[in-house]
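# Architecture at a glance
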Amino acid sequence: MKKILILAGILALMGSCTPSNKITIKGHVKFTDPQMKMTLFSWDDHVKDTVATVFPDANGDYSITADIEKPGVYFLECGYWQRVSLWAENEDMTIDFRGMDTARIKIKNPPFVQIKGSPKNEIMNDLNYNSFRHYQNMIAISQAAYRAEFASKEDKDKLSVTLYEANDTDLKERVRFLMDKYAGSTSVLAAVSHLNPVKDEEEIDAALDAILAARPGYKPAEEMRAKIADQRERIKRMMVGQPAPLFTCPDPEGKEIGPETFRGKILLIDFWASWCGPCRGEVPNLKRCYAQFKDKGVEFLSVSIDQSEEAWKKAMAEEVMSWPQAHAPKAGADILDLYQFNGIPFIILLDAEGKIVAKNLRGDAIRTTIEDLLKGVRPEDKAKQKAAAAMPAAGGSMAMIPATPIKRK
């Protein structure tokens, strides 16, 4: 009986311990300074968690040994000069850095850093290199657009946006290739975070299935599956065509108002704050649009996410906005989560049934989108018409579609 109790105690103690893997990261820093620190850390829900910190020795060599309780993506920072993302689980690795920038004119554009000696970090090398080249291409596009001559700023912006989008698409395709190349490896989870939970649903689910088939019950994969399921629900909740989430906030008199208050009318909701320059810069445009559409079944609602009610009321008095106003409690924390935005102004248009028509409207797009909706034309209809117009005629080929000329002075 005593042996059984002792065994049960040992098993209970083992079960209470969090499994961890001790890893060592070592390497050499070519150019150091006395204040340089090597810092290993992770990001968890936007919170930095420092795991270990060491200083390189007089020769520039360093070694970090750490217990990894939660496998995943970690970051190793070399002073203020370089940073590399890595997969930390149960493999040692070697990472060398150039270190301090020795150029007379210092530019924050550090070189690519390679991880050696860790098979699970091969995908991290590929991901890091792809991200490095993506950034270099962005610089090249910006410089080329800046130096080129265009007939107008609009032509310049259109070409720049097209090239940036092509660069982003190239990066996403490379990530998909790497997920297939390293399928089944636990470190593929690092690539999953680069994809869109909804648009890339098939690829993400296949990657998670492969990991769990190779490692049944692998906790990081199960946690990521649950996290992505939550992200999908949030994204789909705010997709065009979905009913806008309901909320109410107090107006200046304390009366609760929200989207449901204006049901039966087209509603433009403007999320803003007194301290937001672009928000206040958009007000004159909103005034023009409100004057144009207020008698045509269109309502506006501005919702402030100001921390201070006094600041909100002061800004309202300064801006003299004649449409309904409301103030979101807790600096809009619940609203930001409900409507899934992290920047303002966030302007969204709802139809008379309370369904989302368009998001992130700014400038003249506000007027044209409302005009189209009053005519029964939605943004997705215009997108389909544009795509159809770009398709070749029957029997033709895509090569027959002429390229849009770039006008030059």
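Bear in mind the structure is a predicted one, so any value in this text is a computation, not a measurement.

### Re the overall build of the protein
Tallying secondary structure elements over the protein gives 11 helices and 16 strands in all. With 409 residues in all, the protein has 37% of them scored as buried. Taking as baseline every contact in the protein between residues at least 6 positions apart, the subset at least 24 positions apart corresponds to 64%.

### Things to note about the environment of Arg-378
Here Arg-378 is to be found in the loop between α10 (364-374) and α11 (379-390). Here the alpha-carbon distance between Arg-378 and Gly-241, two residues 137 residues apart in the chain, equals 9.9 Å.

### Some points on the sheet that holds strand β12 (residues 266-272)
Taking strand neighbours across the sheet as the criterion, the five strands line up as β14-β13-β12-β15-β16 in an open arrangement whose pairing is mixed. If you trace the sheet from one side to the other, it starts and ends with β14 (325-327) and β16 (356-358), each paired once. If you compare each strand with its neighbour and ignore which way they point, the axes differ by 30° on average. As paired strands, strand β15 (residues 346-350) and β16 are joined by two bridges and run antiparallel to one another.

### Side note on the packing of helix α5 (residues 201-214) against helix α6 (residues 219-237)
For the pair α5 and α6, interaxial distance at closest approach is 10 Å and the crossing angle is 165°. Considering the angle they form, α5 stands roughly antiparallel to α6. Along this stretch, α5 crosses α6, giving a crossing that reads as left-handed. Of the residues in α6, those touching α5 at Glu-201, Ile-204, Asp-205, Leu-208, Asp-209, Ile-211 and Leu-212 are Ala-221, Glu-222, Met-224, Arg-225, Ile-228, Arg-232 and Lys-236. For the contact of α5 with α6, a count of residues per class yields seven nonpolar, no polar and seven charged.

### Here's the deal with the nonpolar core
Among the nonpolar cores identified, the biggest contains 48 residues, and Ile-269, Phe-271, Phe-300, Val-303, Tyr-339 and Ile-348 are the most heavily contacted of them. Looking at this core, the elements with two or more residues in it are β12, α7 (277-293), β13 (298-304), α8 (309-319), α9 (333-339), β15, β16 and α10. Not counting chain neighbours up to four residues away, the residues in contact with Phe-300 comprise Leu-267, Leu-268, Leu-286, Cys-289, Tyr-290, Trp-323, Pro-324 and Ile-370. Among the nonpolar cores identified, the runner-up in size contains 45 residues, and Ile-23, Met-38, Tyr-62 and Met-179 belong to it.

### Side note on the pairing of β12
A regular strand places its side chains on the two faces of the sheet in alternate fashion. Of all seven residues in β12, seven are buried; the element is thus mostly enclosed. Strand direction decides the pairing type here: β12 and β13, joined by seven bridges, are parallel. In the sheet register, Ile-269 faces β13, and the bridge partner there is Leu-301. Pairing between β12 and β15: five bridges, direction antiparallel. In the sheet register, Leu-268 faces β15, and the bridge partner there is Leu-349.

### Re the packing of aromatic side chains
How two aromatic rings sit relative to each other is set out by the distance from centre to centre and by the angle between their planes. One pass over the full model with this rule turns up 14 aromatic pairs. A centroid spacing of 5.2 Å and a plane angle of 80° characterise the contact between Phe-112 and Tyr-129, whose relative ring orientation is edge-to-face. Here the residue Phe-112 occupies a position in the loop between β8 (97-99) and β9 (115-116), and Tyr-129 occupies one in helix α2 (residues 122-147), the gap between them amounting to 17 residues. Residue classification places Phe-112 among the partly exposed residues on the basis of a relative accessible area of 28%. Looking at Tyr-129, the relative accessible area reads 40%, which means it is partly exposed. A ring pair is formed by Phe-247 and Tyr-339, whose centres lie 5.6 Å apart and whose planes are at 85°; its orientation type is edge-to-face. Of this pair, Phe-247 sits in the loop between α6 and β10 (249-250) while Tyr-339 sits in helix α9; the two residues are 92 residues apart in sequence, bridging distant segments of the chain. Residue placement shows Lys-48 over the ring face of Phe-41; its charged tip is 4.4 Å from the ring centre.

### Section: the side chain of Thr-186
Checked against the element boundaries, Thr-186 lands in the loop between α3 (153-181) and α4 (189-192). Reaching out from Thr-186, the side chain makes a polar contact with the side chain of Glu-89 at a distance of 2.7 Å. The residues touching Thr-186, leaving out its near neighbours within four places in the chain, are Trp-87, Glu-89, Lys-120, Ile-211, Arg-215 and Tyr-218.

### Some points on the sheet that holds strand β3 (residues 47-54)
In a beta sheet, neighbouring strands are held together by backbone hydrogen bonds and run either parallel or antiparallel to one another. Strand order in the open sheet made by the four strands is β3-β2-β5-β6, with antiparallel pairing throughout. Each end of this open sheet is capped by a strand with a single partner; those strands are β3 and β6 (82-88). Across the sheet, the mean angle separating the axes of adjacent strands is 30° when strand polarity is ignored. The sheet contact formed by strand β2 (residues 38-44) and β3 spans seven bridges and is antiparallel. Bridged to Thr-39 within β3 is Thr-53. Across the sheet, α2 touches β5 (72-78) and β6, and the angle it forms with β6 is around 145°.

### Comments concerning the confidence of the model for the protein
In low-pLDDT regions, the fine details of the predicted coordinates are not to be read closely. Confidence in the prediction of the protein, expressed as mean pLDDT, is 87, and 88% of residues score 70 or more. Between residues 1-18, whose pLDDT stays under 50, and residues either more than four places distant or in other chains, the model counts one contact.

### Re the pairing of β2
Along β2, five of the seven residues are buried, which leaves the element largely enclosed by surrounding structure. As defined by bridge partners, β2 adjoins β5 across four bridges and the pair is classed as antiparallel. Residue pairing in the sheet places Phe-41 in a bridge with Phe-75 of β5.

### So, unusual backbone geometry
If a residue is not glycine, its phi is most likely negative; likewise, a peptide bond is most likely trans. The residue after Ile-344, namely Pro-345, is reached through a cis peptide bond having omega 5°. We note that Lys-330 has phi near 55°; this positive angle belongs to a residue other than glycine. Note that Lys-330 resides in the loop between β14 and α9. You will see that Gln-340, though not glycine, has its phi angle at about 55°, which is positive. Summarising the element assignment, Gln-340 is placed in the loop between α9 and β15.

Criteria and cut-off values
Throughout, residues of each chain are indexed from 1 in the direction in which the sequence is written. For a predicted model such as this one, the threshold for reporting local features is a pLDDT of at least 70, and the threshold for listing and counting side-chain atom pairs is 80 or more; totals across whole chains, interfaces and linings nevertheless cover every residue. Think of the side-chain values as coming from all heavy atoms in the structure, minus any hydrogens and water. Numbering of helices and strands starts at the N terminus; helices are DSSP runs of H or I of at least 4 residues and strands are runs of E of at least 2. Burial here depends on accessible area, computed with a 1.4 Å probe over protein chains only, as a share of the maximum for the residue type. Under 20% is buried, over 50% is exposed, and the range in between is partly exposed. The contact definition used throughout considers only heavy atoms, calling two residues in contact when any of these lie within 4.5 Å. At least two DSSP bridges between two strands are needed for those strands to be called paired. Working convention: axes come from line fits to C-alpha atoms, limited for helices to the stretch in contact. Angles between N-to-C directions cover 0 to 180 degrees. Note on angle classes: values under 35 degrees are labelled roughly parallel, values over 145 roughly antiparallel, values of 65 to 115 roughly perpendicular, and the remainder oblique. A crossing counts as left-handed when the near helix is turned anticlockwise from the far one by less than a right angle, and as right-handed when that turn is clockwise. Amino acids are sorted into nonpolar (Ala, Val, Leu, Ile, Met, Phe, Trp, Tyr, Cys and Pro), charged (Asp, Glu, Lys and Arg) and polar (every other residue, Gly among them). As used here, the term nonpolar core means buried Ala, Val, Leu, Ile, Met, Phe, Trp, Tyr and Cys residues forming a set that is joined through side-chain atoms within 4.5 Å. A pair of aromatic rings is counted whenever rings of Phe, Tyr or Trp (Trp by its six-membered ring) have centres within 6.5 Å, and the orientation is called stacked for planes under 30 degrees apart, edge-to-face for over 60 and tilted otherwise. Note on criteria: charge over ring means Lys NZ or Arg CZ within 6 Å of the ring centre, with the direction from the centre no more than 35 degrees off the ring normal. Under the rule applied, a polar contact is a pair of N or O atoms within 3.5 Å (in protein, one hydrogen donor and one hydrogen acceptor; residues adjacent in sequence only if both atoms are side-chain atoms). The predictor rates its confidence in each residue with pLDDT, a number between 0 and 100.

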